[in-house]
Each structure stands twice: as structure tokens, then as C-alpha cells.
Amino acid sequence: MRAFYQLISYLFHPLFIPIGGTLMYFIITPKYTPLEMQSGNILPIFILTVIIPIICYFILRNLGMVTSVFMPTIQERKYTLYISISLLLMIVYKVIPNNYSSELFYFFFGLITAALSCLLLLFFKFKSSVHLMGMGSLLMYLISLSIHFEINVVIAISALTLATGLVATSRLYLRAHSRSELFVGFLIGTITQLMTLKFWL
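Per-chain numbering applies: the sequence of each chain, read as written, is numbered from 1 onward. Predicted model: local features are reported for residues with pLDDT of at least 70 only, side-chain atom pairs are reported and counted for 80 or more only, and whole-chain, interface and lining totals are derived from all residues. Processing note: side-chain calculations cover all non-hydrogen atoms of the structure and skip hydrogens and water entirely.

### Considering helix 1 (residues 2-11)
Buried within helix 1 are the following residues: Y5, I8 and S9. Down the axis of helix 1, the sector holding all buried residues measures 100°, keeping them to one side. Exposed side of helix 1, more than 90 degrees from the buried face: A3 and L11 are the residues found there. In what follows, residue pairs with any heavy atoms lying within 4.5 Å of each other are defined as contacts. Runs of H or I in DSSP of at least four residues are treated as helices and runs of E of at least two as strands, each being numbered from the N terminus. Its buried side turned inward, helix 1 meets helix 6 (130-149) and helix 7 (154-173). Throughout, exposure labels follow a simple rule: accessible area from a 1.4 Å probe, protein chains only, divided by the maximum for the residue type, with under 20% read as buried, over 50% as exposed, and the rest as partly exposed. By arc we mean the arc of the directions from the helix axis to the C-beta atoms, nothing more.

### Notes on the pattern of salt bridges
Salt bridges are defined as contacts in which a side-chain nitrogen from Lys or Arg sits within 4 Å of a carboxyl oxygen from Asp or Glu. On inspection of all chains with the given rule, the structure shows one salt bridge. K31 serves as the salt-bridge partner of E103, at 2.9 Å between the closest nitrogen and oxygen. Of this pair, E103 sits in helix 5 (residues 102-122) while K31 sits in the loop between helix 2 (17-28) and helix 3 (35-62); the two residues are 72 residues apart in sequence, bridging distant segments of the chain. The exposure class of K31 is partly exposed, given its relative accessible area of 41%.

### Brief notes about the packing of aromatic side chains
Any two rings among Phe, Tyr and Trp, with Trp reduced to its six-membered ring, count as a pair given centres within 6.5 Å; such a pair is stacked if its planes are under 30 degrees apart, edge-to-face if over 60, and tilted if neither. Tallied over the entire structure, the rule returns 13 aromatic pairs. Between Y106 and F199 the ring centres are 5.3 Å apart and the planes differ by 10°, which places this aromatic pair in the stacked class. In this pair, Y106 sits in helix 5 while F199 sits in helix 8 (residues 179-200), placing the two residues 93 residues apart along the sequence. A relative accessible area of 48% places F199 in the partly exposed class. Linked through ring pairs, Y100, F105, Y106, F109 and F199 together constitute an aromatic cluster.

Note that every value here comes from positions in space, so none of it alone points to a role or purpose.
This is how it looks when you write it as C-alpha cells:
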């Protein structure tokens, strides 16, 4: 059972949330999006939010600054959140403007706000769940896209809700977080996405 929950934690790692939201947008949107626009967003976002963070992780691990991909300590989380926020800002200011989509822009703006909120809480010694923050962001974004484009994606929303529950269970089972840390992480993810809706919904 432990191996199963570890697999869930890896599969739904916060690292994959930005590219997940990007792919979700291009799959759901009824707007015509040229291949150049899709690749102009997907490829740089994948490099900046998956490849570069993995490279940074191995550098930090070799320097002895982190011990695990799940960043168990507060200090380790600070390092990764600094890197994550910097890369997300780069996407908002350099990548998306070249192939602009308001839905994607504000999704990433919400992710930046959520990451900043998690970072701020670390200074108060509160380790909110970044896993649940990511899942909350993705779930709220999917629901918002469904409303915005008036497309029925109930099955996808149900599947993502189930996945969110599995992620929360896995983090509890692995003793990575308390219930309050999971709840706060999920709230941060959903609320920060809700805050951006007035700009594009």
C-alpha cells in the first residue's frame, strides 16, 4: 500500500501542475489555436516547469541543500518555492505574451499567488501542502474552463476530484502532512484561482 501511495505522490507531484493546466486548456478550448501557438506555449512551459526544476533539484541535492524530492523540511521548501516562483514569473512575462491566451495567463498568475502564499506561511513555520495546493488549483481551473466555454466535462472533473482525494490520502498515509496542512494547501489553490476569475471568466 505504501508503494501505491508513493506512486500517487509522484504522479501528481506539484511539478506537473503547470504543464497539466496548459494541456488541459488546449484540449478543452473550442477556440482555434494554431499549432505554432500551442507549441509556443507547451514546449517552453514544459522546459521551465519540469526540466529546469529537475535539474535544479539535482544541483541542490548534490550541494546537500535538499534531501528528497518531496522537500520534507521548511528550509528545503523555501529553496524550491523561490525557484518555482521565479520560473512561473518568467512564463507570465516572457512565454505567454508571445502566444497570448488570457485563460492561461491568469491560471499562471493564480499559481504564482498560491506559491507566494505557501512561501509566506513557511516564514510562520506552517508547512502547507503544495501537492494539495496544485490539485486545488487544477481542479478549480478545470471547473472554470468548463463554465467559461460552456462545455460538459463532468467526467474529467469527477476524475480530478477523485485524484485530489487520493493525493490527500497518500500525503496523510505517508505522514508528510497533517490534515490542517492539507486543508490549507487545498484552500490556497482553489481561492487563488477563484480570485483570477473576474479577469477572464
